Amino acid sequence: MAVVTFVSHDGDTHQAPLEEGRSLMQVATENAVPGIDGDCGGEAACGTCHVVVDPAWAERVGSSEAGEEGMLAMNPEREPTSRLSCQMVLCEAWDGLTVRLPEFQM
Amino acid sequence: MTKIREAITAKVQATIPMERQIQGAHLYDKTRRWVTGTNGQKMFVESPIPPVDDLEIGEIDLSNPFLYRQGRWQSYFERLRKEAPVHYQANSPFGPFWSVTRHADIIAVDKNHDVFSAEPFIVIGVPPRFMDIEMFIAMDPPRHDLQRQAVQGVVAPKNLREMEGLIRSRVREVLDDLPVDEPFDWVQKVSVELTARMLATLLDFPYEQRRKLVQWSDLAASMEQTNGGPSDNDEVFAEMRSTVRELSALWYDKAARLAGGEEPGFDLITMLQSNENTKDLIDRPMEFLGNLTLLIVGGNDTTRNSMSGGVLALNQFPEQFEKLKANPDLIPNMVSEIIRWQTPLAYMRRIAKKDTILNGQFIREGDKVVMWYASGNRDEAVFERPDELIIDRPNARNHIAFGFGVHRCMGNRLAEMQLRILWEELLTRFEDIDVVADPEYVQSNFVRGISRLMVRLTPKATG
Ligand code: HEM
Ligand code: FES
C-alpha cells in the first residue's frame, strides 16, 4: 500500500494511506494524525494544516501558490519548504513522501 | 531612579500633541453633532422587532442592534440563508449593505482580499473622526502583513507557553475567591475579571489598574455610529485621552526598566521594543495606538463573552455538562464548540473593490458587504443540529468565529488557551454552575455580548 509519513515535532512518526486525488490534509485528519487541524476545511484560509516538506521531496512536490503563500507568509514558524497540506493533492508518484510537522499550528 | 522617572515624565509630555489631536477631534465631533441637530439624540431606541415572517425579504435589516437581545436573530438569519443568501438591504440607518449568510459564501469573501477590501473599517457604520485610528484588521495586504508581523509573536504559541503558568495562577485566584451557594453575576466576577487579567498579562500593564483596559475597550467598542451601541461620544473621547497617556507611559516605563537591566519579559511592549522594525514605534503614534488598541479591543469582548456564553450554553444543554464531567478530555473540542455557539463577533464588513458576482448576485464596486459569522456558524449545510451545543461535535473546529484568510484572528490560540484553562480549573472545583435568572444582552449589531448572568455555584463534595 502506498503511504505518506508525518514526523511530529517530537520525532514520532505517523503514516496515512496515499489516496490519489485527496489532499494531504484530508488523509491526515481522516487518519487522526495529531498536529494537523485543518480548520477551514481545505480552503487555504486558516493556515492550520502547515507541514514542512522533506527537502528531498521538495522539488517533486512543488512550491506554494499565491493564495497559499499569503497564509504561509504570516506564520512565524514558516520554513523554506513549508506548504499548506490542504493544497497538496496526492498522486501515486508521491508514495513514500515524508513531511515534518511544526511544533504548533497557527 | 529619579533620573529615570524624570526621563519618563519628559517623554510622556512629548506625546501631548497626540492628546491635543484627540481634543481637537472631540470638539469637531461636538460641533458636528450640534450642527446636524443630532446632539444628545440617540440614534437607536429599542422597540419590539417583528417576527421575520411578517416582513418582505427586502425589509429584513440585520443591522438592528437589538436583534440579538430580543432573540430574533436565529430566525432572521435562517430565512436569509434559505431565501436570499446574498441579500441587499437598501436603506438601513447605516446606509445600504449586502449580507452574506452562508458558511461557504462567507469563506469565499473572507479569502478574497483582492476583491473585498477590509479598508477603511470593519464595522457596518463609520466611526467619528479620530476614533478611526489605523488598525491592521482594517488594512489590506501588503500593509496589513507588515503590521501584523510586528505584533503576532506575542500571541504565537511559542510565547503562549511562557504565559500559560501565569494565566493559570491568575485564573485560580479568581475561582478560589468566588462565593458559593449564593447568586452572583458571572459576567463581572469571572468573565470581565479574567479577561482584564489576561490583557494585563499580555501587555504587562500595571496589574492593579487592569480594569481600565476593559473600561477603555468597552467604550470604544460600543459607539452608536459604528455598530448601534450605547456609548456616549464625550465619554469615549475622554477615555481615549487617558488611554493614550497611559499606554505611552507604559512604553517609556518599560524602556527605562529594560535599560536599567531588568530581564526582558514576554509581553507585547518588550517584544516591540526588541524588534528592529518596531523599536521606535512610539515615534509613530497613530500606528502605536492602533496596534495596541487592536489587541486590547480584539481580545476583550470576544474572550469575555465566550466565558459567559459557555456557562449559558451548558445550562441550556445540561446533558452536555454531564458529558463533560464524565470526560474532561473533551475540553479542547468543547472550547471550539462554545466559540462556534456564541460567535462573539457577529460579522466583519468588507467593501467591493470592483464589480463582482457572488452566489448569483451582482455586487458593484464600492458596495458594503457584511459577512455574518453568526449565521455561518448556524449553517445547517455544515453543522448538524446547528443551534445545539454539542461538545464532542466532530467538526466544531470548522467554525467561522475567528474568520478566515489573512485577517484570521491573531489571538485565536490565546483565546483557546484562556478558555481551556478556565474549564479545567472549573471542573476540579465545582459540581454545578446554575444560571438562576434570565441573562441580559448587550445593545450592538457587532458584539454578541451578555451583560449580566446570575449564577449559583455548587462546590464539589470533598473527600
Ligand atoms: C473567542 C475569542 C475571539 C474571537 C471570536 C475573535 C474573532 C476575531 C475575528 C472574527 C477577527 C477577524 C477575522 C477576519 O476578518 O477574517 C479577528 C481578528 C483579530 N483578532 Fe480576534 N477574536 C478572539 C480573540 C482575540 C484575542 C484574545 C486577541 C488578542 C489578544 C485577538 C486579536 C485579534 C487581532 C489582532 C485581529 C486582527 C487580525 C488581522 O487583521 O490580521 N482576538 N478576531
Ligand atoms: S485547511 Fe485551512 S489552510 Fe489548509
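Note that the structure is a prediction, hence the values are computed from the model and not measured.

*Asks:* Just to check I follow, could you spell out the confidence of the model for chain B for this structure?
*Replies:* For residues with low pLDDT, the predicted coordinates do not support detailed interpretation. The share of residues in chain B with pLDDT of 70 or more is 89%, and the mean pLDDT across the chain is 89. Two summary scores accompany this predicted model of the complex, namely pTM at 0.92 and ipTM at 0.95.

*Asks:* Help me understand the coordination of the iron atom of ligand 1, please; the structure alone is not making it clear to me.
*Replies:* As a benchmark, a tetrahedral metal site with four donors has ideal angles of 109.5 degrees, while an octahedral site with six donors has ideal angles of 90 or 180 degrees. Coordination of the iron atom of ligand 1 by the protein involves just one donor, C409 of chain B (SG), at a distance of 2.3 Å. Locating C409 of chain B in the fold gives a position in the loop between helix 15 (373-376) and helix 16 (412-429).

*Asks:* Could you clarify how one ought to interpret the interface of chain A and chain B in this entry?
*Replies:* Interface size, as often reported, equals the accessible area lost upon joining of the parts. Between chain A and chain B, the residue contacts involve 20 residues of the former and 18 residues of the latter. For the pair chain A and chain B, the two sides together bury roughly 1,500 Å², of which 50% comes from carbon and sulfur. It is D39, M74 and F104 of chain A that lose the most area in chain A upon contact with chain B, and together they represent 37% of the buried surface on that side. Summed over the shared surface of chain A and chain B, the number is 8 salt bridges. Among the salt bridges present, the one from R397 of chain B reaches D39 of chain A, with a minimum N-O distance of 2.7 Å.

*Asks:* So what exactly am I meant to see when it comes to the environment of F266 of chain B here?
*Replies:* Residues and elements named next belong to chain B. Residue position: F266 is located in the loop between helix 10 (233-259) and helix 11 (268-273). It is 19 Å that separates the C-alpha atoms of F266 and I282, two residues lying 16 residues apart in sequence. If sequence neighbours within four positions are ignored, F266 has contacts with V154, N159, E162, M163, L166 and M271.

*Asks:* Would you explain the pairing of strand 12 (residues 454-459) of chain B in this entry?
*Replies:* Every regular strand shows the same layout, with side chains that alternate between the two sheet faces. Residues and elements named next belong to chain B. The sheet contact formed by strand 4 (residues 184-185) and strand 12 spans 2 bridges and is antiparallel. Across the sheet, residue F184 finds its bridge partner in strand 12, namely V455. Where strand 9 (residues 430-435) meets strand 12, 5 bridges bridge the pair, whose relative direction is antiparallel. Residue pairing across strands places D434 opposite R456, the latter belonging to strand 12.

*Asks:* Is there a simple way to explain the pattern of salt bridges in this structure?
*Replies:* Any two side chains of opposite charge can pair if their charged atoms end up close together. Residue and element names in this part refer to chain B. Within this structure, the stated rule accounts for 51 salt bridges over all chains. K279 is the salt-bridge partner of D280, the closest N and O atoms lying 3.8 Å from each other. Among the ionic pairs, E440 bridges to R452, the shortest N-O distance being 3.7 Å. Of this pair, E440 sits in strand 10 (residues 440-441) while R452 sits in strand 11 (residues 450-452); the two residues are 12 residues apart in sequence, bridging distant segments of the chain. Assessed through its relative accessible area of 42%, E440 is described here as partly exposed. Counted as one network, the salt bridges with shared partners bring together E164, R168, R172, D176, R420, E424, E425 and R429.

*Asks:* What am I meant to see in the environment of D95 of chain A here?
*Replies:* Residues and elements named next belong to chain A. Following the sequence through the fold, D95 ends up in the loop between strand 4 (82-84) and strand 5 (98-100). D95 sits 21 residues away from M74 along the chain, and the two C-alpha atoms are 30 Å apart. With near-sequence residues (within four places) excluded, D95 lies in contact with A2, V3, L18 and W57. At a separation of 3.0 Å, a polar atom in the side chain of D95 contacts the main-chain amide nitrogen of V3.

*Asks:* I keep staring at the site of ligand 1 and nothing clicks. Help me out?
*Replies:* Residues and elements named next belong to chain B. Within the structure, ligand 1 sits among 30 residues, and D110, H144, R148, H407 and C409 are positioned closest to it. Between ligand 1 and Y373 there is a distance of 3.2 Å, counted from an oxygen atom to a side-chain nitrogen or oxygen. Secondary structure elements with two or more residues in the shell around ligand 1: helix 5 (143-152), helix 7 (186-203), helix 12 (285-316), strand 5 (347-352) and helix 16. Among the elements that line the shell around ligand 1, the one with the most residues is helix 12, at 7 residues.

*Asks:* What is the right way to look at unusual backbone geometry in this model?
*Replies:* When glycine is set aside, most residues are seen to have a negative phi, and most peptide bonds are trans. With an omega of -5 degrees, the peptide bond between E119 of chain B and P120 of chain B qualifies as cis. Within the secondary structure layout, P120 of chain B lies in the loop between strand 3 (116-117) and helix 5. In this chain, P141 of chain B is followed by P142 of chain B through a cis amide linkage whose omega measures 5 degrees. Backbone geometry places A32 of chain A, a non-glycine residue, at a positive phi of 50 degrees. Look at D181 of chain B: it is not a glycine, yet its phi comes out positive at around 60 degrees. Within the secondary structure, D181 of chain B sits in the loop between helix 6 (157-176) and strand 4.

*Asks:* Got a minute to help me understand the packing of helix 10 of chain B against helix 12 of chain B in this structure?
*Replies:* Describing two packed helices takes the angle between their axes plus the distance from one axis to the other. Residue and element names in this part refer to chain B. For the pair helix 10 and helix 12, interaxial distance at closest approach is 11 Å and the crossing angle is 100 degrees. Taken as axis vectors, helix 10 and helix 12 run roughly perpendicular relative to one another. Every residue of helix 12 that contacts helix 10 at M240, V244, L247, S248 and W251 is listed here: F288, L289, L292 and I296. When grouped by side-chain class, the residues that make up the contact of helix 10 with helix 12 number 8 nonpolar, 1 polar and no charged.

*Asks:* Sorry if this is basic, but what is going on with the sheet that holds strand 3 of chain B here?
*Replies:* Adjacent strands of a sheet form backbone hydrogen bonds with each other and so pair up, either parallel or antiparallel. All names here are of chain B. Read across the sheet, 5 strands follow the order 1-2-8-5-3 without closing on themselves; strand pairing throughout is mixed. Looking at the sheet topology across the chains shown, the edges are occupied by strand 1 (86-92) and strand 3. Where strand 5 meets strand 8 (residues 368-372), 5 bridges bridge the pair, whose relative direction is antiparallel. When the bridges of strand 8 are listed, R350 appears paired with V369.

*Asks:* Got a minute to help me understand the packing of helix 8 (residues 210-220) of chain B against helix 10 of chain B in this structure?
*Replies:* Residues and elements named next belong to chain B. Relative orientation of the contacting elements helix 8 and helix 10 amounts to 140 degrees, with a least axis distance of 9 Å. Taken together, the axes of helix 8 and helix 10 are oblique relative to one another. Crossing angle aside, the handedness with which helix 8 passes helix 10 is left-handed. From helix 8, K212, Q215, W216 and L219 reach across to helix 10, where they touch E235, V236, E239, S242, T243, E246 and L247. Tallied by class, residues from the contact of helix 8 with helix 10 come to 4 nonpolar, 3 polar and 4 charged.

What counts and what doesn't
Residues numbered from 1 in each chain as written. Chains lettered and ligands numbered in written order. Predicted model: local features only at pLDDT ≥ 70, side-chain atom pairs only at ≥ 80, totals over all residues. Heavy atoms only, no water. pLDDT = per-residue confidence, 0-100. Donors = N, O, S within 2.8 Å, 3.2 Å for Na, K, Ca; no water. Helix = DSSP H or I, 4+ residues; strand = E, 2+ residues; numbered from the N terminus. Contact = heavy atoms within 4.5 Å. Buried area = accessible area lost by both parts, 1.4 Å probe. Salt bridge = Lys/Arg side-chain N within 4 Å of Asp/Glu carboxyl O. Pairing = 2+ DSSP bridges. Buried < 20%, exposed > 50% of the residue type's maximum accessible area, 1.4 Å probe, protein only. Polar contact = N/O pair within 3.5 Å; in protein donor to acceptor, adjacent residues only side chain to side chain. Near = heavy atom within 4 Å. Axes fitted to C-alpha atoms, helices over the stretch in contact; angles between N-to-C directions. Parallel < 35°, antiparallel > 145°, perpendicular 65-115°, else oblique. Nonpolar A, V, L, I, M, F, W, Y, C, P; charged D, E, K, R; others polar. Left-handed = near helix turned anticlockwise from the far one by under 90°.

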